[in-house]
Amino acid sequence: MADPSSYRPKPGQIPDSPGVYKFRDEHRRVIYVGKAKNLRQRLANYFQDLAGLHPRTRTMVTTAASVEWTVVSTEVEALQLEYSWIKEFDPRFNVKYRDDKSYPYLAVTFNEEFPRVQVMRGAKKKGVRYFGPYGHAWAIRETVDLMLRVFPVRTCSAGVFKNAARTGRPCLLGYIGKCSAPCVGRVTPDEHRELAEDFCDFMAGRTGTYIRRLEKDMMQAAEEMEYERAARLRDDAGALKRAMEKSAVVLADATDADLIAVAEDELEAAVQIFHVRGGRVRGQRGWVTDKVEAVDTAGLVEHALQQLYGEETGDSVPKEVLVPALPEDPEAVSQWLADRRGSQVSLRIPQRGDKKDLMVTVQRNAQQALGLHKTKRASDLTTRSRALEEIAEALGLDTAPLRVECFDISHLQGDDVVASMVVFEDGLARKSEYRRFQIKGFEGQDDVRSMHEVIGRRFKRYLQEKERTGEWEETPAATGPVPAPASAAPAEPAPGSPAPAEPAQSAEPAPAEPAPAGVSGAAPTAPADAPAGPGEEPSEGPREEPSEGPREEPREDDGRPKRFAYPPQLVVVDGGQPQVAAAKRALDELGIDDIAVCGLAKRLEEVWLPDDDDPVVLPRSSEGLYLLQRIRDEAHRFAITYQRAKRAKRIRSSPLDDVAGLGETRKQALIKHFGSVKKLRQATIDEICEVPGIGRRTAESVAAALATAAPAAPAVNTATGEIIEEDDGGSTS
């Protein structure tokens, strides 16, 4: 625990102008970001007597080890920079609203030649118009199904659309009148786009025009005794009215507004947002957050506005935003919203009438959401705390292991050997910290040796990070090699990284090296978390293998979470006594003796400790055992997913993959022309040149690659034992 007086800025060092400040911990990680009209007055509040500080503020300033600030010219710039830093650094002591689910939107893809109506989740895309969010995807589909009678816009996927265009036959919706069938040319691209624009106008609240037009056409058709057409128009108007009924009128003056309500207690806060467009509620969403900083209702509203509109532009920001309390600086926030919308935005508290009544409804929703969340979390938090305490007691740890890392090895008969590292913090998975490894120290099947390699690689990186930050200076007494220090040369900022408005100022003690020009009291720049070493990968999704070449080192003091910088209190390995001994030996060779190690054997679910001949047996009903099993199973899942992906990639490989300059299109053209890799191998260079797009040099490279590649082993019919002649000769990925 740091003493705030040890890094308190000197008198007069802090400017009295607007700016944004950030506190860093001993690992140089940003833990809190704030803004102020007057930096000197605001920062002085943090360095008063600790007894007078709010408990959360006291925890933050005693966790921090330095404070820095950046001066800006206006309060609007401070608001924008604060939002950017919170998003970039993810500080642990800032309020961050997190959705418990991904809300669905009704989207119209105007970025395509034939716009498509569909349900979308996740990040918004350019050229797509969104309506919502909605509570359920089925609500969107019901509304769209009703409206397609009047606005027969395309709803099919790209594959279905292309197949219909190729065959000249539309899908079922085209036959029943719920699609204008642009795939077969029934309407032109301009006509279909006009239909999509009418669809969007109706969804935006301009409903009266279309219903009146349908009713007028219905009356005219009836006068002309076209009764079938009149009945169809009557049904179309009824469908639109039913679609409108799904969102009741709440504001009679056709207002476009977002209403935000907050329900809070001492520990948590819930936010509910109603999106009103054209006087109707078009969407609803909500968040729940821990109050990790000392913040009042006005502060919660400001954080909600930043998260809600930080990535929005244009009409996505409404003309009016109604809130229960105004932020500390409402003029600056209103101007920030206006800049994002491109026109004036009214930010105010509703005082009377329909808007006040609707705000009461939103507030009631927020209170119900907070109550439901607390009911769910009470048992979950208690269970996780009890599980961690049981683990600490069973393993003889001084404190509960708040950060646990688990390692698992996966392979198929010694091929494609990989390892996984999963991280649980406070009993919950932290997937952004997951890592994957390729075993490269040897070939073949040896789980014990693989575990030793992986643990060694992970904690060598940890020691390198400690050395970069100056936390580890003396060479520990160790039985094995100590990792060589990383390069001390600073790296260039990553391309595209935003430059601050002014150089960051720091109140840390002056470094031994001279600070960069223009920076007063700034901490020295040093390299930080290098990209994962060969075979180490940071995410769950498919990814290309890391290169073996030189890597650019990111800056040490950028404040972002480092990949291997934070040690766990407990290392769990999937296995028994041999795997545990290998992990412990790897830590001993690096001189690390403050991290506990255990293993969980699958057969009897026994917990093994280093140097113990007998396992620790936890009761079957133990919450601690259940948590260890869940962590172990997650490591196994993560490892086997990676192993299967690597194996599938290897199986789908082809000798053509090694031909330089031969892309996927030309590989497919070769296979399509010859029918198989086997027949392609038998072809001459002149025959290969006959394939469109293949020149002589490429043909020579293809022939050479196929000549050196060993043909695949013959397939065997497992039912008869008969050798199957190769017809396709392999496949291409």
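Residues numbered from 1 in each chain as written. Predicted model: local features only at pLDDT ≥ 70, side-chain atom pairs only at ≥ 80, totals over all residues. Heavy atoms only, no water.

> Which residues make up helix 2 (residues 55-63), and what values go with them?
Owing to its 3.6 residues per turn, the α-helix brings residues three or four apart onto one side. Turning to helix 2, its buried residues are Arg56, Thr57, Met60, Val61 and Thr62. Elements in contact with the buried residues of helix 2: strand 1 (19-24), strand 2 (30-36) and helix 1 (39-46). (Buried < 20%, exposed > 50% of the residue type's maximum accessible area, 1.4 Å probe, protein only. Helix = DSSP H or I, 4+ residues; strand = E, 2+ residues; numbered from the N terminus. Contact = heavy atoms within 4.5 Å.)

> Outline the packing of helix 3 (residues 75-89) against helix 11 (residues 330-341), supporting the account with residue identities and numerical values.
The geometry of helix 3 relative to helix 11 is characterised by a closest axis approach of 9 Å and an angle of 70° between their N-to-C directions. As far as their axial angle goes, helix 11 and helix 3 are roughly perpendicular. Facing helix 3, whose interface residues are Glu75, Val76, Leu79 and Gln80, helix 11 presents Ala332, Val333, Gln335, Trp336, Asp339 and Arg340. Along the lines of polarity and charge, the residues of the contact of helix 3 with helix 11 split into five nonpolar, two polar and three charged. (Axes fitted to C-alpha atoms, helices over the stretch in contact; angles between N-to-C directions. Parallel < 35°, antiparallel > 145°, perpendicular 65-115°, else oblique. Nonpolar A, V, L, I, M, F, W, Y, C, P; charged D, E, K, R; others polar.)

> For the pairing of strand 2, give the residues involved together with the corresponding values.
One face of the sheet, then the other: side chains in a regular strand alternate in exactly this way. Counting buried residues along strand 2, seven of its seven residues qualify, which places the element largely inside the surrounding structure. With six bridges connecting them, strand 1 and strand 2 associate as antiparallel partners. Within strand 2, the position partnered with Tyr21 by the bridge is Gly34. (Pairing = 2+ DSSP bridges.)

> Give me the sheet that holds strand 10 (residues 320-322): which residues, what numbers.
Judged by pairing direction, the sheet is mixed, and its five strands sit side by side in the order 9-8-7-10-11 without closing on themselves. Both outer strands of the open sheet, strand 9 (280-290) and strand 11 (346-348), are each paired with one neighbouring strand and no more. Looking at each pair of strands side by side, their axes are set apart by 15° on average, direction ignored. Where strand 7 (residues 257-264) and strand 10 come together, three bridges link them in parallel fashion. If you follow Asp258 over to strand 10, its bridge partner there is Val321. The sheet strands contacting helix 10 (residues 297-309) are strand 7, strand 8 (268-277), strand 9, strand 10 and strand 11, and the helix crosses strand 7 at an angle near 135°.

It is worth stressing that arrangement in space is one thing and function is another; only the former is reported here.
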